[in-house]
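Each chain, letter by letter, is given below.
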There are 2 protein chains.
Amino acid sequence: MAEPLNIALAGLGTVGAGVIRLLDANAALVARRAGRPIRITAISARDRTKDRGVDISGYAWEDDMTAMAARPDVDVVVELVGGADGPALTLARNAILHGKSLVTANKAMIAHHGLELAEASEKARVALKFEAAVAGGIPVIKGLREGAAANRIERLYGILNGTCNFILSTMEDTGRDFADVLAEAQAKGYAEADPSFDVEGTDAAHKLAILSAIAFGTRTDFASVETAGITAITAADIAQADALGYVIRLIGIAEVDDHGGMPRLFQRVQPHLVPFDHPLAHVDGATNAVVAEGNFSGRLLFQGAGAGDGPTASAVVADLIDIARGDLGGEAGAPFSIQVAEMEEMAPAASGHRLGRAYIRFLVADRPGVLAEITAAMRDAGVSIESLIQKGRAEEGGTVMVAMVTHEGPEARVTEALRLLDGSDALAGRPLVMQLLGE
Amino acid sequence: MAEPLNIALAGLGTVGAGVIRLLDANAALVARRAGRPIRITAISARDRTKDRGVDISGYAWEDDMTAMAARPDVDVVVELVGGADGPALTLARNAILHGKSLVTANKAMIAHHGLELAEASEKARVALKFEAAVAGGIPVIKGLREGAAANRIERLYGILNGTCNFILSTMEDTGRDFADVLAEAQAKGYAEADPSFDVEGTDAAHKLAILSAIAFGTRTDFASVETAGITAITAADIAQADALGYVIRLIGIAEVDDHGGMPRLFQRVQPHLVPFDHPLAHVDGATNAVVAEGNFSGRLLFQGAGAGDGPTASAVVADLIDIARGDLGGEAGAPFSIQVAEMEEMAPAASGHRLGRAYIRFLVADRPGVLAEITAAMRDAGVSIESLIQKGRAEEGGTVMVAMVTHEGPEARVTEALRLLDGSDALAGRPLVMQLLGE
């Protein structure tokens with residue numbers, strides 16, 4: 001058997017420990033598939049003495065991650081430190097600078113600095129791989145970058161955050177409210193102590209920006225992802241969606257709008273109503289699922305565990321096996337499927353002209369004339385209402401819920417209708433708008 | 001941009017024409033992703049003059065496929081002729097012999113001769129790729145071979161035949177019977193004039209044998225796949241399954257039975273009862289879906305169009321892009337993930353000791369004592385019945401349906417119970433047995 005592939009591991013949190021466990025448990029089959037053993041030579045983390053449940057005594061310890069990236073007995077640096085900037089980015093730059101391939105699970109870093117790192121890796125002719133950065137153990141980067149490579153991708157969308165999906169599907173199953181289920185998710189370790197990164201949609205937006213770049217050949221543009229989270233969704237919204245034949249899921253969606261021959265990139269993370277007969281309606285718990293619609297392949301669906309040490313380690317080691325096999329992703333890299341120099345800088349698409357159907361929910365004062373005021377605003381903005389339900393009984397605080405689904409129309413009209421209602425004393429709080437996921 | 005990758009296309013049926021259409025429609029993006037253009041230099045098929053809806057005037061025509069494989073202006077031969085043996089196999093052997101990489105959509109050839117061809121390709125250091133042979137446009141070969149490569153696969157199963165799935169899900173939606181829906185599928189082009197290859201399970205068994213080899217590192221063993229088709233399934237079975245909370249799907253399933261330290265390969269294609277809450281229960285129409293359960297990744301699901309010219313062409317060209325990029329699947333090939341010399345020859349597992357729950361359906365004479373006879377046989381064979389339904393009204397021919405679901409137990413007991421009932425004049429026709437798909 002050939003020489004081992006020597007790797008250095010930076011960051012020994014749950015994923016780092018998972019990688020060590022995997023390389024230990026599956027050593028023989030990984031070596032057989034990779035064509036050679038994959039061997040950890042050096043490790044680095046903040047705390048040398050912490051018990052991580054794995055034996056690290058056999059690896060050289062480096063307090064200085066930068067020194068680790070320069071070691072001659074290292075072929076690949078595995079960055080599991082996390083954070084868009086700081087030590088992770090310094091390590092990544094240094095690793096490539098020293099001619100090492102880089103494998104990372106760091107979605108924030110790739111969403112923000114992926115192009116810089118990809119360009120450096122293309123120049124250095126080393127591999128840059130980040131399968132674990134998106135959707136845990138699901139090989140969706142590979143699926144898009146290689147499996148669907150023959151296709152123009154017409155639309156890309158999916159469930160990209162397991163925490164939100166756990167919360168929404170648990171609310172659905174139990175009828176409980178957001179705050180209650182969030183607390184359970186935190187207790188179970190599915191949500192962080194500070195959950196805002198997940199529940200506000202930022203994490204999903206990072207992943208969407210990475211997938212968009214690969215799918216459409218556009219430069220990553222995290223800043224332009226329209227992002228809304230799930231914190232405003234109530235048990236009543238979920239019950240209402242159910243009555244209409246939908247479940248609520250946080251969906252990241254991206255596509256290229258033709259825009260009269262001046263293509264624009266549309267990227268949005270937002271809760272959507274997903275019809276019962278859509279495959280994504282059956283994605284429950286902390287699962288991720290990504291759909292890519294290719295002009296020849298048709299609809300491809302990739303689904304699995306979106307996070308966790310085991311699945312993430314599976315993706316990290318898959319990247320290492322590719323590198324061990326010599327499959328670096330093309331003669332000169334191209335981590336994003338095409339070389340950075342050829343990736344297109346595409347202006348973000350405005351969403352106003354997009355056609356769609358929307359669910360709009362108001363909490364309103366329980367008094368005469370409110371419905372007339374809302375429906376008049378819809379009429380004046382040109383929003384056509386398909387169905388409207390007012391729940392008869394006032395909820396606490398004397399408000400009742402009015403929920404409607406619109407016929408297909410430009411999103412700008414809904415925005416205009418809400419602008420007309422802005423400041424009305426009929427409304428208790430901001431209305432909630434969710435798009436219906438189209439076929 | 002680098003030199004083009006020159007390919008020769010053998011076979012110009014719907015898939016061959018699809019590949020030409022794809023390389024034409026998506027030429028620019030394929031070249032950008034591949035790092036160089038992919039160019040058809042020569043083609044070969046039975047009939048030169050047939051109108052295929054694509055312009056073939058720009059390609060060199062070869063009447064002799066073998067000569068085509070020897071052309072110096074060909075880097076890759078794409079075999080789309082079909083058939084396990086005959087011209088396809090001769091072409092494949094010749095292509096590799098002449099140092100050409102081979103891309104094929106031919107599941108029968110790979111199931112029967114894949115190891116021989118893989119060994120030859122490893123020796124010749126050319127690529128052998130067959131993504132299009134399994135599950136159309138879904139990158140499941142890549143998903144298993146590369147995406148899930150870090151895992152011991154614990155179980156592999158899926159819906160591998162789009163024709164059967166179209167028929168079963170249409171029977172389900174419409175309440176119509178098998179023969180009626182088959183006729184519709186034939187009219188729509190979803191089923192062949194002679195449908196036996198699909199509806200008897202052979203096609204799914206070919207695909208399962210290929211996936212097993214990649215997932216488990218075992219030598220392909222098509223002959224040992226236990227295969228049953230869907231022809232015996234009636235509208236009443238589907239209604240009965242629905243009442244119990246299941247849909248019926250033709251499932252190919254494979255796993256390695258430990259067998260007391262002497263591992264055996266279990267491979268079966270059989271209609272299964274799939275619980276409503278399982279992702280495969282929502283796979284409708286001519287769709288394929290494959291689940292791989294890895295020991296670190298957990299459950300991975302790949303789903304999409306299982307056949308058709310577009311999806312199959314997408315998979316063929318994905319293989320070509322890999323080759324153009326220089327990703328040949330490892331220094332010395334290994335089309336089945338590990339080199340052929342290291343693949344294990346594993347004896348087939350007997351199914352008798354397998355634990356599971358079964359649906360057993362009898363058509364019986366409508367007279368006293370029949371139920372007693374059946375239940376006595378179950379008792380004597382040690383089969384524990386969870387639920388039993390006899391439909392009250394005699395159907396035509398004076399028979400009634402008795403359907404039961406067993407508690408978990410060894411499959412051999414069910415076989416024994418049916419043996420005890422064999423020849424009984426209470427039974428009208430052979431009982432139908434389907435396993436329940438476990439979690």
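What counts, and at which threshold
Every chain's residues receive numbers from 1 upward, in the order its sequence appears when written. Chain letters start at A and ligand numbers start at 1, both assigned in the order the entries are written. Totals for whole chains, interfaces and linings use every residue, but because this is a predicted model, local features are given only for residues with pLDDT of at least 70 and side-chain atom pairs only at 80 or more, for both listing and counting. Water and hydrogen atoms play no part in the side-chain values, which are based on all heavy atoms of the structure. Only when DSSP finds a minimum of two bridges between them are two strands counted as paired. Each helix corresponds to a stretch of at least 4 residues labelled H or I by DSSP, and each strand to a stretch of at least 2 residues labelled E; elements are numbered beginning at the N terminus. Should any heavy atoms of two residues lie within 4.5 Å, those residues are considered in contact. To obtain each axis, a line is fitted to C-alpha atoms, and for helices this fit is confined to the stretch in contact; angles are then taken between N-to-C directions over 0 to 180 degrees. Here, a salt bridge means any Lys or Arg side-chain nitrogen found within 4 Å of an Asp or Glu carboxyl oxygen. Only protein chains enter the accessibility calculation, which uses a 1.4 Å probe. A residue is then buried if its area is under 20% of the maximum for its type, exposed if over 50%, and partly exposed in between. Here the copies were fitted onto each other by least squares, based on C-alpha atoms from residues at pLDDT of at least 70 in both. Each residue after the first adds 1.5 Å to the expected span of a helix. Aromatic rings from Phe, Tyr and Trp, taking only the six-membered ring of Trp, are treated as a pair when their centres fall within 6.5 Å; an angle between ring planes under 30 degrees marks them as stacked, one over 60 as edge-to-face, and anything in between as tilted.

(A) Main features of the sheet that holds strand S6 (residues 128-129) of chain B. Residue and element names in this part refer to chain B. The parallel open sheet is built from 6 strands, whose spatial order is S3-S2-S1-S4-S5-S6. The open sheet terminates on both sides in strands that have one partner only, identified here as strand S3 (60-61) and S6. Taken together, the 2 bridges between strand S5 (residues 101-104) and S6 define a ladder with parallel strand orientation. Across the sheet, leucine 102 pairs through a bridge with leucine 128, a residue of S6. Of the strands in this sheet, strand S1 (5-10), strand S2 (38-44), strand S4 (76-79), S5 and S6 are in contact with helix H12 (residues 309-325), which crosses S5 at around 160°.

(B) Spatial organisation of the pattern of salt bridges. All told, the structure shown has 59 salt bridges over all chains when counted by the stated rule. The partner of glutamate 255 of chain B in a salt bridge is arginine 354 of chain B, and the shortest N-O contact between them spans 2.7 Å. Pair noted here: glutamate 255 of chain B is in strand S9 (residues 246-257) and arginine 354 of chain B is in the loop between H12 and strand S13 (355-356), with a separation of 99 residues, a long-range link. Classification of arginine 354 of chain B by relative accessible area gives buried; the value is 14%. Taken together, the salt bridges that share partners define one network made up of Lys129, Lys142, Arg145, Glu146 and Asp322 of chain A together with Lys129, Lys142, Arg145, Glu146 and Asp322 of chain B.

(C) Structural detail: the relation of the copies chain A and chain B. Once chain A is rotated about the relating axis by 180° and shifted along it by 0.1 Å, it coincides with chain B to within an RMSD of 0.0 Å. When the rotation and shift are considered jointly, the pair of chain copies conforms to a two-fold rotation axis. A share of 100% of the interface residues of chain A reappears at the interface of chain B, consistent with the copies meeting face to face through the same patch.

(D) Up close: helix H1 (residues 14-25) of chain B. Residues and elements named next belong to chain B. Here H1 contains 12 residues, and its C-alpha end-to-end distance of 16 Å stays within 8% of the 16 Å for a straight helix at 1.5 Å per residue. All buried positions along H1 are accounted for by Val15, Gly16, Ala17, Gly18, Val19, Ile20, Leu22 and Leu23. Contact partners of the buried residues in H1: S1, helix H2 (27-34), S2 and H12.

(E) Main features of the packing of aromatic side chains. Residue and element names in this part refer to chain B. One pass over the structure, following the stated rule, counts 5 aromatic pairs over all chains. Taking the centre distance of 5.2 Å and the plane angle of 45° together, the rings of phenylalanine 130 and phenylalanine 336 count as tilted. With phenylalanine 130 in the loop between S6 and helix H6 (140-147) and phenylalanine 336 in the loop between H12 and S13, the pair connects residues that are 206 residues apart, well separated along the chain. Between phenylalanine 166 and tyrosine 190, the aromatic rings sit 4.6 Å apart at their centres with planes inclined by 70°, giving edge-to-face as the arrangement.

(F) How the structure looks around the sheet that holds strand S2 (residues 38-44) of chain A. Residue and element names in this part refer to chain A. The strand order S3-S2-S1-S4-S5-S6 describes an open sheet built from 6 strands, whose pairing is parallel. One side of each edge strand has no neighbouring strand; the edge strands of this open sheet are strand S3 (60-61) and strand S6 (128-129). Examined bridge by bridge, strand S4 (residues 76-79) and strand S5 (residues 101-104) share 4 bridges and lie parallel to one another. The residue bridging valine 77 from the neighbouring strand is leucine 102, located in S5. Against the sheet, helix H12 (residues 309-325) engages strand S1 (5-10), S2, S4, S5 and S6, with an angle of about 160° to S5.

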